[in-house]
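Summary of structural features
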Amino acid sequence: YALVAEHLQPDDPRKVELTTKAIELTQKLIQHGYHDFESLRTTDLDFAPLQDNEAFLGMLQLEEAKVAKEKNTTS
């Protein structure tokens, strides 16, 4: 979704919808066990279109905190 949204005009209403779906799917990916947050934020080219998106970065911050809390609880 993010890659498609990247190629739309900024005022295209589909851009927001596709970006939102990309963020939701990334959140599910994290919840299913993918925890390379640094890669998601900076180096994974598949996520490059989202790496400057405030909503995406905020979601990553929240999910990373949840993962850290779970690790501390189970340790």
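Presented here is an overview of the structure given in this document. (Residues numbered from 1 in each chain as written. Predicted model: local features only at pLDDT ≥ 70, side-chain atom pairs only at ≥ 80, totals over all residues. Heavy atoms only, no water.)

**With respect to the side chain of Thr26**
The residue Thr26 is located in helix H2 (residues 13-31) in this model. Leave out the neighbours within four places in its chain, and Thr26 touches Leu40, Phe47, Leu50, Phe56 and Met59. (Helix = DSSP H or I, 4+ residues; strand = E, 2+ residues; numbered from the N terminus. Contact = heavy atoms within 4.5 Å.)

**What about H2?**
Helix length check: H2 (19 residues) gives 28 Å between terminal C-alpha atoms against 27 Å at 1.5 Å per residue, within 8%. Looking at H2, one finds that the buried residues are Leu18, Thr19, Ala22, Ile23, Thr26 and Ile30. One side of H2 holds all its buried residues, which, seen down the axis, span an arc of 140 degrees. Away from the buried face of H2 by more than 90 degrees, exposed residues Pro13 and Gln31 are located. Contacts from the buried residues of H2 go to helix H1 (2-6), helix H3 (37-43) and helix H4 (54-74). Positive phi appears at Gly33, one or two residues downstream of H2, with a value of about 120 degrees. (Expected span 1.5 Å × (residues − 1). Buried < 20%, exposed > 50% of the residue type's maximum accessible area, 1.4 Å probe, protein only. Arc of directions from axis to C-beta.)

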